[in-house]
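A closer look at the structure
Here is what each chain is made of, one letter per residue.
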Amino acid sequence: MKFNKHLNQPIPEKDDVRAKTPNPATVQLMDKLESAGCETVFDRFAAQQPQCPSGLRGTCCRMCQWGPCRISDKAPRGVCGRDMNQVVMANIVRQLAAGMSAHARHAHEVILALIAAAEGTATITLKGRERALELADRFGIDTAGRTEDEVIAAVARALLDDVGRMTADPMHTLEAFAPADRREVWEGLDILPRSASYESMESLHMTTLGACSDWTALADQELRSALAYCYGTLYTSSLATEVLYGVPTPKLTEVNYGVLKPGYVNILLHGHSPVMVEKVIEKVRSPEIEALAREAGAEGIVLGGMCCTGDELLARYGIPTVTNIMGQELALGTGAVDAVIVDMQCVIPGLKIVADCFGTEIITTSTSNRIPGATHIPFDPERPETLDEDAERVARAAVAAFGTRDRSKIEIPERVTTAMGGFSYEAILESFGGAGALAEALRDGRIRGVATVVGCNTPKVAYESAHVGIARRLVEGGVLVTTTGCASHALLNAGLCDPAAAALAPQPLRGLLEAAGVPPVLAVGGCVDNVRSLRLFIALAEELGVPLADLPYLFVGAEPGNEKTVGQGATFLAHGISVLSGFPAQIPVAVPRTGPDGELLDGRNDITEFFAGDGLLTTVGAKIYTETDPACAAQTGLLHLRRKRQALGWG
Ligand code: BF8
């Protein structure tokens, strides 16, 4: 590990990853790719060292053409006069806006597909009609004289409003799902949002040259955007997907690289939007495509999931997951992958570099995501009538890749892990006998706290070591854990989502989990499904009659990477739930310094004070903890939960 003084933390080198990463299959594949001369994210990260200190601290301003400006002791203001607080906060506001745009585009596609399904222009059989009728009721949609499909289309249009409304009318999802006491807090802070699109626009507007120079107003916009992100992109995507493809229920399966099989057509499903991939699965499982695979000499077809598409398919169908964003190149290193079908987001350009080493076919299916050299068969949400034939073409192209590849480089790590996924909000409550029973277990201490361990991977942390190291210790401390996204893949592959892992929990939590037949880490879905964990937090708070901010809850984002994660953390902060980050965000790290006479100088600054000191704590009741060592991070989390219990008199 090399210590980076600008971050005040060690940075892993490739051998540190080998030594610390929890999945032995990772090391096997890293070695194989290295000896094959195939570069990966680990090599490119090493080549980028040392990374720019100004970028690491968020003090580089590139928001106009007078710059770039680097804020420093020597030059404390940019050319326009912006100081450090303004630059750092503007950068964070822009990151959240970018992440929100990604999720909004995802929501837009899913909702347009829902409208098309309800109006009969797409060949999609709706599997979650009850969810739509529940939403119609929650949104106060008039059902009189309307057919069920017309009601569903009206629900979808209400969801679309929350993605794109340009006026100050209330958001349907926020009104329907946010707790009343939280809404009062947000009203008091004047941070109620209009929609995801509006707040993205406003965030970019406020941070252009000569727009807003009050960093506290930018901080308010960060919180306002977090609420737009939560209700306008997460809720809308997750709920619309449930109406389209059904509400998941728990199912047992096997995961990890070892689910790939030599002699079979191995197809990986990667990205975020469920629309094309659902139809492709239908086609792949048809007798015609299965026959095509056999004609090509394959024994059958294996489907495996990556990133959030993988999380969702595990939840809905028990399709095995393989890996996450930083494992996508490694998966191709097995030499066994014939095709990767990718839609939108978190598909790194490096994927194609490794694909070319092994002859793997990449098929892009989103109009937003092009990869040079890939086969492009996009789903256009505004032309839903071609979905069926396009999916058929995708399935045929994927299977055809089997016959054209060099199959001599296949070496699949044997490791396969048992895992249970599919924990929708309803499924979690049902598993434990309802919200009342679960709330009582939290109050009486059988469950010491509830944490959600989520988010990406980053090469700045030894791959997956923080997710697994923290989650395992939280479980050992009696905490019930939910998970999504790339963290979810790490925990699934580590065996923490196996019901047998209940044995890691102390009594009485162990007994509670065994009686419910569930693992200590509940895989709830993709990143947009973080709202399932949020709904769980809200439901227990309502049962207990205790405000969200007072409960022993924690959001853990131990290996943040994508801009989308900025909004995830801010969402939970805005709801009064503290965040444990395994890595410093791009803000100036508050490092205590030694003064000229050897005295210790206070390392605080306004930005760290806002996020990690009294700033947010006094307004929304939550703060960010940053701990890079997994053991220390878990201790910090457990201490936070214990303090919350003590303040409630729960012991
Ligand atoms: O939305 S956890 S790297 S896969 S952004 Fe992407 Fe991060 Fe993975 Fe899904 Ni979420």
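About the criteria used
- Residues numbered from 1 in each chain as written.
- Predicted model: local features only at pLDDT ≥ 70, side-chain atom pairs only at ≥ 80, totals over all residues.
- Heavy atoms only, no water.
- Salt bridge = Lys/Arg side-chain N within 4 Å of Asp/Glu carboxyl O.
- Helix = DSSP H or I, 4+ residues; strand = E, 2+ residues; numbered from the N terminus.
- Buried < 20%, exposed > 50% of the residue type's maximum accessible area, 1.4 Å probe, protein only.
- Pairing = 2+ DSSP bridges.
- Right-handed = clockwise from strand over helix to strand, strands pointing away.
- Domains from an automatic or database assignment.
- Contact = heavy atoms within 4.5 Å.
- Buried area = accessible area lost by both parts, 1.4 Å probe.
- Polar contact = N/O pair within 3.5 Å; in protein donor to acceptor, adjacent residues only side chain to side chain.
- Near = heavy atom within 4 Å.
- 1 Å grid on protein atoms, 1.4 Å probe; cavity = no way out; pocket = protein on both sides within 12 Å on 5 of 7 lines; lining within 4 Å.
- Sits in = over half its atoms within 2 Å of the grid points.
- Nonpolar A, V, L, I, M, F, W, Y, C, P; charged D, E, K, R; others polar.
- Core = buried A, V, L, I, M, F, W, Y, C linked by side-chain atoms within 4.5 Å.
- Points joined across faces, edges and corners; volume = space filled by probe spheres on them.
- Axes fitted to C-alpha atoms, helices over the stretch in contact; angles between N-to-C directions.
- Expected span 1.5 Å × (residues − 1).
- Parallel < 35°, antiparallel > 145°, perpendicular 65-115°, else oblique.
- Left-handed = near helix turned anticlockwise from the far one by under 90°.
- Donors = N, O, S within 2.8 Å, 3.2 Å for Na, K, Ca; no water.
- Tetrahedral: all angles 85-135°; square planar, octahedral: opposite > 155°, others 65-115°.
- Disulfide = S-S within 2.5 Å.

Topic: the pattern of salt bridges
Counting across every chain of the model gives 32 salt bridges. In this structure, the salt-bridge partner of Asp43 is Lys14, at a minimum N-O distance of 2.7 Å. Of this pair, Asp43 sits in helix α3 (residues 41-47) while Lys14 sits in helix α1 (residues 14-20), and the two are 29 residues apart along the sequence. Look at Lys14 and you get buried, because its relative accessible area is 16%. Between Asp31 and Arg18 there is a salt bridge, with its nearest N and O atoms 2.7 Å apart.

Details of the pairing of strand β14 (residues 479-484)
Burial analysis of β14 places 6 of its 6 residues in the buried class, the great majority of the element. Residues of β14 alternate between two faces, with Val479, Val481 and Thr483 on one and Leu480, Thr482 and Thr484 on the opposite face, all of them buried. Sheet topology note: the strand β13 (residues 449-453)/β14 ladder contains 5 bridges and is parallel. When the sheet's bridge partners are listed, Val453 is paired in β14 with Thr483. What joins β13 to β14 is helix α20 (residues 465-476), and the crossover it makes is right-handed. In terms of strand pairing, β14 meets strand β15 (residues 521-525) through 4 bridges, oriented parallel.

A short note on the domain arrangement of the protein
Domain assignment breaks the protein into domain 1 (84-245), domain 2 (251-409) and domain 3 (417-648). Placing the centre of domain 1 and that of domain 2 at their C-alpha centroids yields a distance of 30 Å. Opposite the 16 residues of domain 1 that make contact, domain 2 presents 21 residues. For domain 1, the biggest contributors to the area lost against domain 2 are His106, Glu109 and Tyr245; these three give 38% of the whole. At the surface where domain 1 touches domain 2, the tally comes to 0 salt bridges. On the surface where domain 1 and domain 2 come into contact, there are 7 residue pairs in polar contact (both at pLDDT 80 or more). When contributions to the side of domain 1 that touches domain 2 are tallied by element, the ones reaching two or more residues are α5 (84-119) and α11 (215-245). Counting residues per element, the side of domain 1 that touches domain 2 draws most heavily on α5, at 9 residues.

Concerning the site of the ligand
Residues in contact with the ligand, as listed here, are His272, Cys307, Cys308, Ile325, Cys346, Gly455, Cys456, Gly485, Cys486, Cys527, Asn562 and Lys564. Here His272 contributes a side-chain N or O atom positioned 2.9 Å from an oxygen atom of the ligand. Of all the cavities here, the one that holds the ligand is the largest cavity. Contributions of two or more residues to the shell around the ligand are made by α14 (307-317) and α21 (485-493). Within the shell around the ligand, the residues separate by chemical class into 7 nonpolar, 4 polar and 1 charged.

Some thoughts on the nonpolar core
If you look at soluble globular proteins, the nonpolar side chains tend to sit buried side by side. In this structure, Tyr231 and Tyr553 are the most contacted members of the largest nonpolar core, which totals 181 residues. If you tally residues by element for this core, the top one is α5, at 19 residues. Setting aside chain neighbours within four positions, we find Tyr553 in contact with Leu442, Val450, Leu536, Phe537, Leu540, Ala541, Leu548, Ile577, His640 and Leu641. One finds Leu33, Leu260, Leu330 and Leu332 within the second-largest nonpolar core, a separate group that totals 32 residues.

Notes on the side chain of His467
On the secondary structure map, His467 appears in helix α20. Residue classification places His467 among the buried positions, given a relative accessible area of 0%. From its side chain, His467 meets the backbone oxygen of Cys456 in a polar contact 2.6 Å long. Residues in contact with His467, not counting those within four places in the same chain, are Val453, Val454, Gly455, Cys456, Asn457, Ala487, Ala490, Leu491, Ala558 and Glu559.

Things to note about the layout of surface pockets
Empty space among the atoms can be located by rolling a probe the size of a water molecule over them. There is about 650 Å³ of room inside the second largest pocket. The residue makeup of the lining of the second largest pocket, split by class, is 9 nonpolar, 6 polar and 8 charged.

What about the sheet that holds strand β10 (residues 361-366)?
The 6 strands lie next to each other as β8-β7-β6-β9-β10-β11, forming an open sheet whose pairing is parallel. Whereas interior strands pair on both sides, the edge strands pair on one side only; in this sheet they are β8 (321-323) and β11 (375-379). Pairs of neighbouring strands in the sheet enclose a mean axial angle of 30 degrees, with direction left out of account. Both strand β6 (residues 265-270) and strand β9 (residues 339-342) contribute to a ladder of 4 bridges, which runs parallel. The residue bridging Leu268 from the neighbouring strand is Val340, located in β9. Here helix α12 (residues 274-284) sits on the sheet in contact with β6, β7 (301-306), β9, β10 and β11, set at roughly 110 degrees to β11.

Concerning α5
If you check α5, its first and last C-alpha atoms are 52 Å apart, about what 36 residues at 1.5 Å a residue would give, namely 52 Å. Within α5, 27 of the 36 residues are buried, which leaves the element mostly enclosed by the surrounding structure. You can read the cap of α5 off the contacts: a side-chain oxygen lies 3.2 Å from the backbone nitrogen of Asn85, and it is on Asp83. At the C-terminal side of α5, Gly120 shows a positive phi close to 80 degrees.

Description of the packing of helix α7 (residues 148-164) against α11
Orientation of α7 relative to α11, taken along the N-to-C sense of each, is 160 degrees, at an axis distance of 8 Å. Classified by the angle their axes make, α7 and α11 are roughly antiparallel. In this structure, α7 meets α11 at a crossing whose hand is left-handed. Of α11, the residues touching α7 (which contributes Ile152, Leu159, Asp162 and Val163) are Tyr231, Gly232, Thr236, Ala240 and Val243. For the contact of α7 with α11, the class distribution of residues is 6 nonpolar, 2 polar and 1 charged.

Focus: the coordination of the nickel atom of the ligand
Counting protein donors around the nickel atom of the ligand gives one, Cys527 (SG), at 2.3 Å. The site at the nickel atom of the ligand holds 4 donor atoms, and with the angles between them running 89 to 163 degrees, its shape is irregular. Looking at the element boundaries, Cys527 is found in the loop between β15 and α23 (530-544).

Considering the state of the cysteines
A complete count under the given rule lists 1 disulfide for this structure. A disulfide bridge connects Cys38 with Cys357, and the sulfur atoms are separated by 2.1 Å. Taken together, the residues Cys38 in the loop between α2 (24-35) and α3 and Cys357 in helix α16 (residues 350-358) connect sequence positions 319 residues apart. Here Cys52 is not cross-linked by a disulfide; its sulfur's nearest cysteine counterpart is in Cys60, at 6.1 Å.

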